[in-house]
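Given next are the chains, with one letter for each unit.
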Amino acid sequence: MDTVTRPRILVVGAGFAGVGCVRRLERKLAPDEADVTLVTPFAYQLYLPLLPQVASGVLTPQSIALSLRRSKKYRTRIIPGGAIGVDLKSKVCVVRTITDKIVNEPYDYIVLAPGSVTRTFDIPGLTEHAFGMKTLAEAAYIRDHVISQLDLADASDDPAERAARLQFVVVGGGYAGTETAACLQRVTHAAVKRYPRLDPGLIRWHLIDIAPKLMPELGDKLGRSAQEILKRRGIEVSLGVSIDKAGAEEVTFTDGRVVPTHTLIWTAGVVASPLIATLGAETVKGRLAVTAEMCLPGHDGVFALGDSAAVPDLAKGQEGAVCPPTAQHAMRQGKKVADNVVSALRGLPLQPYEHKDLGLVVDLGGKDAVSKPLGVELRGVPAQAVARGYHWSALRTNVAKTRVMTNWLLNAVAGDDFVRTGFQARKPARLKDFEYTDSYLTPEQVRAQVEGTAVERS
């Protein structure tokens, strides 16, 4: 008797795009219509825009880690691991589980939403000595590290060591870098009052970027406003400058300055997940080239979206324009891809993705913010209200909204705490230790893995 198997839908990545897709599939597909599988190392969706507030201690880590198992319609199978290769010809995704076991996961439809990784350059000492700001573990680790620098500086009798531990360097003048520098500077400024042996004048924050403007997407006026806020707080902003080399106790800028420091935070942009390179398909600046329907040309049943896909931006009306790697696009692309997967299953026509950008918000901590919702430029408290209102409404669950709002209110009333939580182990962990970018296979290794397993099964 013939056995009829349900179509297998495999979603790679639990970011805004992947989770948006899975949740939509669960709502639109009948239980016996298809099997849905999600590949992710963690069973939560990380709300990345609020990561700097975790690093500064305004929010607790679990506040922005949204569980994937709270949905009442939850029926998705989760494979705890990361996709390290895809064989488009055989329709197999190679997965490394969290126990380092490598398994082959076959599919009929695959949705590639692996996100992005921190963009690094061939700068001596960078990956060995810099911290990233891309994962929950990194944010929690950085908080422990910054507070430990205050503790160590307070305990030290060496003026040179004390000065070095109280200097902090953030590279990257985009949203992540600017918000990270702003939020952490507020923490050290408030904390120094609890350290009577420390001179507040020794605490220095540097924000540097090779670009000529800070957050150019905001426009000249708001960009200058943000820069003025940072300078008023004592953050030294250097544009047209990057890192020449990094060491354990000092950083050399490209303009020749040598800054003694034990803290280098690298937020100079992102690149598509290394998974994309394993496909051997056409890319646009490292992102997978897809159609407006987010399909991979020449490959039935392959969809890609989010940070790892160059999705045409139809709303701009410019040839060659692609959607920026932002949360608002990823969330909406996830829903549209789910609709297109369902349409493909049912033999219906696919629909293109189109969304007009709603604007930008930058939370600089406290009452400081700059925002540009729907093209309207805001500063100060109104901008802060818009920024936090947008983030709060974008949180997917009521539990997360309650936790975040409670944390914000508690921090506003009680102020900051300066407690190390123990995430910082005795062995230092840096940029190279968190994102596992050396785990991916080459296209040849993917083919060998798939064929090798096929031989063993036959």
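Let me begin by describing the structure that accompanies this report. Since we're looking at a predicted model, the values are computed, not measured.

About the cut-offs
- Residue positions are given per chain, counting from 1 as you read along its sequence in written order.
- With the structure being a predicted model, the display of local features is reserved for residues of pLDDT at least 70 and the display and counting of side-chain atom pairs for 80 or more, all residues being used for whole-chain, interface and lining totals.
- To get the side-chain values, all heavy atoms of the structure are used, and hydrogens and water are removed first.
- Runs of E in the DSSP output that reach at least two residues are strands. Runs of H or I that reach at least four are helices, and both are numbered from the N terminus.
- Radius of gyration: C-alpha atoms only; globule rule: 2.2 Å multiplied by the number of residues to the exponent 0.38.
- Think of it in three bands: with a 1.4 Å probe and only protein chains considered, a residue is buried below 20% of the maximum accessible area for its type, exposed above 50%, and partly exposed in between.
- We call two residues in contact when some of their heavy atoms are within 4.5 Å.
- All accessible-area figures derive from a Shrake-Rupley calculation using a 1.4 Å probe, and residue coverage is judged against the displayed protein chains alone.
- Counting rule for charge: Lys and Arg are taken as positive, Asp and Glu as negative, and neither His nor the chain ends is counted.
- All charge positions are set by atom: Lys at NZ, Arg at CZ, Asp at CG, Glu at CD.
- Definitions used for this entry: grid spacing 1 Å over protein atoms alone; cavity, a set of points where a 1.4 Å probe fits but cannot get out; pocket, an open set with protein on both sides within 12 Å along at least 5 of 7 lines; lining residue, one with an atom within 4 Å of a point.
- Grid points are joined across faces, edges and corners, and a volume is the space filled by probe spheres set on the points.
- Under the convention adopted here, Pro, Cys and the residues Ala, Val, Leu, Ile, Met, Phe, Trp and Tyr are nonpolar, Asp, Glu, Lys and Arg are charged, and Gly plus all remaining residues are polar.
- The criterion for strand pairing is that DSSP finds at least two bridges linking the strands in question.
- Pairing of aromatic side chains requires ring centres within 6.5 Å, counting the rings of Phe and Tyr and the six-membered ring of Trp. Pairs whose planes differ by under 30 degrees are stacked, by over 60 edge-to-face, and all others tilted.
- A 3.5 Å cut-off defines polar contacts: any pair of N or O atoms within that distance qualifies, except that in protein one atom must be a possible hydrogen donor and the other a possible acceptor, and neighbouring residues in sequence count only when both atoms are side-chain atoms.
- By this rule, a helix spans an expected 1.5 Å times one less than how many residues it contains.
- What is meant by a nonpolar core is a set of buried Ala, Val, Leu, Ile, Met, Phe, Trp, Tyr and Cys residues, joined one to another through side-chain atoms within 4.5 Å.
- Residues forming no salt bridge and having over 30% relative accessible area are the ones grouped into patches, like charges within 9 Å of each other and nonpolar side chains (Val, Leu, Ile, Met, Phe, Trp, Tyr) within 5 Å.
- Think of a salt bridge as a Lys or Arg side-chain nitrogen and an Asp or Glu carboxyl oxygen that are within 4 Å of each other.

Before going further, it helps to spend a moment on the overall build of the chain. Looking only at helices and strands, the chain features eleven helices and 24 strands. Here the C-alpha atoms of the chain give a radius of gyration of 23 Å, agreeing with the 23 Å that 2.2 N^0.38 yields for 458 residues. Taking all 458 residues of the chain together, 51% fall into the buried category. Sequence separation of at least 24 residues holds for 69% of the intrachain contacts in the chain that already meet a minimum separation of 6. Approximately 21,300 Å² of the chain is accessible, and the part contributed by carbon and sulfur atoms is 54%. Across the chain, 56 positive and 49 negative side-chain charges occur, with their mean positions spaced 7 Å apart.

Rolled over the atoms, a probe sized like a water molecule indicates the empty space that remains. Roughly 550 Å³ of volume is contained in the second largest pocket. Residue lining of the second largest pocket: 18 residues in total, with Arg-23, Ala-394, Leu-395, Arg-396 and Thr-397 positioned closest to the centre. Residue assignment for the lining of the second largest pocket shows that the elements contributing at least two residues are helix 1 (16-28), helix 8 (327-346) and helix 9 (380-394). Considering each element in turn, the lining of the second largest pocket owes the most residues, five residues, to helix 1. For the lining of the second largest pocket, the class distribution of residues is six nonpolar, six polar and six charged.

Across the sheet, three strands lie side by side as 18-19-21; this open sheet has mixed pairing. If you trace the sheet from one side to the other, it starts and ends with strand 18 (283-284) and strand 21 (309-310), each paired once. Here two bridges tie strand 19 (residues 287-289) to strand 21, and the two strands are oriented parallel to one another. Residue Leu-288 lies in a different strand from strand 21, and its bridge partner there is Ala-309.

What follows covers the packing of aromatic side chains. Counted under the stated rule, the structure contains five aromatic pairs. Between the aromatic rings of Phe-121 and Trp-266, the centroid separation amounts to 6.2 Å while the plane-to-plane angle is 75 degrees, which identifies the pairing as edge-to-face. Here Phe-121, found in the loop between strand 9 (116-118) and helix 3 (126-129), pairs with Trp-266, found in strand 16 (residues 263-266); they are 145 residues apart in sequence, far enough to count as distant. When its relative accessible area of 44% is taken as the criterion, Phe-121 is described as partly exposed. Judged by relative accessible area, Trp-266 falls into the buried class, the value being 1%.

Once that is clear, we can look at the environment of Asp-307. Relative to the helices and strands, Asp-307 resides in the loop between strand 20 (302-304) and strand 21. Along the backbone, Asp-307 and Ile-210 are 97 residues apart, and their C-alpha atoms lie at a distance of 22 Å. Beyond its immediate stretch of four places on either side in the chain, Asp-307 contacts Gly-115, Ser-116, Ala-272, Arg-287, Pro-325 and Thr-326. Only 2.9 Å separates the side chain of Asp-307 from the side chain of Ser-116, close enough to count as a polar contact.

End to end, helix 8 covers 29 Å across 20 residues, agreeing with the expected 28 Å (1.5 Å per residue, within 8%). With its phi angle positive at about 75 degrees, Gly-347 sits one or two positions after the end of helix 8.

On to the nonpolar core, then. Counting residues in hydrophobic clusters, the biggest one holds 111 residues, and the most contacted among them are Ile-9, Leu-25, Ile-64, Val-86, Ile-110 and Leu-112. When residues of this core are assigned to their parent elements, the largest contribution, eight residues, is made by helix 4 (residues 136-155). The residues contacting Ile-64, other than those within four sequence positions of it, are Gln-45, Leu-46, Tyr-47, Leu-50, Leu-51, Val-54, Leu-59 and Leu-136.

Take a nonpolar patch on the surface next. On the surface, a nonpolar cluster with roughly 270 Å² of combined accessible area is contributed by Trp-392, Met-405 and Leu-409. With respect to the helices, strands and loops of the structure, Leu-409 is situated in helix 10 (residues 398-414). Classification of Leu-409 by relative accessible area gives exposed; the value is 53%.

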